[in-house]
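# Breakdown of the fold
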Amino acid sequence: SMKMVAASKMKIAQNRLEPALAFYETVDRAFAHLEPDAEQLAFYEQEAAAAGAASGPKTTLVVLAATDRGLCGAVPTNVVRGALDAASAAERRGNTVAFASVGSKGAEGLVANRRGNAVGAVALEVGQKPTTFVELSYFADVLLRTESDEI
């Protein structure tokens, strides 16, 4: 019976994905011709590097996309492991690290790895019903308001 439930949930998720895929393809075609000018891009990268070197240590925000419930196998564990690897890389560069999680399992994994004090935001029950632009823009605003230099 669990296979039937999983198959039903998969079909619902696929049905939700079809309109989003059509939207993505349309937007992708509309913006396909917009490529950054290589000279301008190099200039901005140099400016950002100079500003970063002058300002000292930075804060890196690592965002986990996990789940709220079990029955996902090793997905939450692998998401947390990847986030911890990204955090370690940022710390080796001299940055401090903060975390945000979409789904409670990501935050729980960070707590289990003694990183719970660095979790600043957790979005729960995302995906239980179709997510609206307002919900996503609110979470994006929360992330952008964190005092982090890179995400």
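Let me sum up the structure you'll find in this document. Just so we're clear, the structure is a prediction, and the values are computed from it rather than from any experiment.

## Focus: the pattern of salt bridges
Going through the model one piece at a time under the given rule, you end up with four salt bridges. The closest approach of N and O atoms between Glu91 and Arg115, which form a salt bridge, is 3.1 Å. Taken together, the positions of Glu91 in helix H3 (residues 75–92) and Arg115 in the loop between helix H4 (104–112) and strand S3 (119–123) put the pair 24 residues apart, joining distant regions of the chain. Take Glu91: its relative accessible area is 36%, and that puts it in the partly exposed class. For Arg115, a relative accessible area of 19% translates into the label buried. In this structure, Lys105 engages Glu108 in a salt bridge whose closest nitrogen and oxygen atoms are separated by 3.7 Å. Here Lys105 and its partner Glu108 are both found in helix H4, three residues apart, which amounts to about one turn of the helix. Residue classification places Glu108 among the partly exposed positions, given a relative accessible area of 44%.

## A closer look at unusual backbone geometry
Phi is positive for Arg114, close to 60°, though the residue is something other than glycine. As for its position among the elements, Arg114 is in the loop between H4 and S3.

## What about helix H1 (residues 2–31)?
With 30 residues, H1 ought to run about 44 Å at 1.5 Å a step, and its terminal C-alpha atoms sit 42 Å apart, in line with that. Glu18 marks the point of greatest bend in H1, at about 25°, and the proline Pro19 comes within the next four residues.

## Focus: the sheet that holds strand S2 (residues 96–102)
Ordered in space as S1-S2-S3, the three strands form an open sheet in which the pairing is parallel. At either margin of the open sheet sits one strand with a lone partner, and together these are strand S1 (59–65) and S3. Averaged over all pairs of adjacent strands, the angle between their axes in this sheet comes to 20°, without regard to strand direction. Relative to S2, S1 is paired through seven bridges, and the arrangement is parallel. Within S2, the residue paired with Leu64 across the bridge is Ser101. Those strands touched by H3 are S1 and S2, and its axis lies near 170° from that of S1.

## Some remarks on the environment of Asn117
In this fold, Asn117 is placed in the loop between H4 and S3. Expressed as a C-alpha distance, the spacing of Asn117 and Ala98, which sit 19 residues apart in the sequence, is 8.7 Å.

## Some words on the packing of H3 against H4
A pair of packed helices is captured by two measures, namely the crossing angle of their axes and the spacing between those axes. One way to put it is that H3 packs onto H4 with a least axis distance of 9 Å and a crossing angle of 60°. If you check the angle between H3 and H4, you find them oblique. Our pair here, H3 against H4, has a crossing hand that is right-handed. Here Pro76, Val80 and Leu84 of H3 come into contact with H4, specifically with Lys105, Gly106, Gly109 and Leu110. Among the residues making up the contact of H3 with H4, the classes are represented as four nonpolar, two polar and one charged.

## So, H4
Listing the buried residues of H4 in full gives Ser104, Gly106, Ala107, Gly109 and Leu110. Within two residues after H4, Arg114 carries a phi angle of roughly 60°, on the positive side.

## Considerations on a nonpolar patch on the surface
Side chains of Phe23, Val27, Phe31 and Leu34 sit close together on the surface and give an oily, nonpolar patch of about 420 Å² of accessible area. Counting through the fold element by element, Leu34 comes out in the loop between H1 and helix H2 (38–55). Looking at Leu34, the relative accessible area reads 51%, which means it is exposed.

Calculation notes
- Residues numbered from 1 in each chain as written.
- Predicted model: local features only at pLDDT ≥ 70, side-chain atom pairs only at ≥ 80, totals over all residues.
- Heavy atoms only, no water.
- Salt bridge = Lys/Arg side-chain N within 4 Å of Asp/Glu carboxyl O.
- Helix = DSSP H or I, 4+ residues; strand = E, 2+ residues; numbered from the N terminus.
- Buried < 20%, exposed > 50% of the residue type's maximum accessible area, 1.4 Å probe, protein only.
- Expected span 1.5 Å × (residues − 1).
- Bend = angle between axes of the 7 residues up to and from the residue.
- Pairing = 2+ DSSP bridges.
- Axes fitted to C-alpha atoms, helices over the stretch in contact; angles between N-to-C directions.
- Contact = heavy atoms within 4.5 Å.
- Parallel < 35°, antiparallel > 145°, perpendicular 65-115°, else oblique.
- Left-handed = near helix turned anticlockwise from the far one by under 90°.
- Nonpolar A, V, L, I, M, F, W, Y, C, P; charged D, E, K, R; others polar.
- Patch = residues over 30% accessible without salt bridge, like charges linked within 9 Å, V, L, I, M, F, W, Y side chains within 5 Å.
- Areas by Shrake-Rupley, 256 points an atom, 1.4 Å probe, with all protein chains shown as cover.

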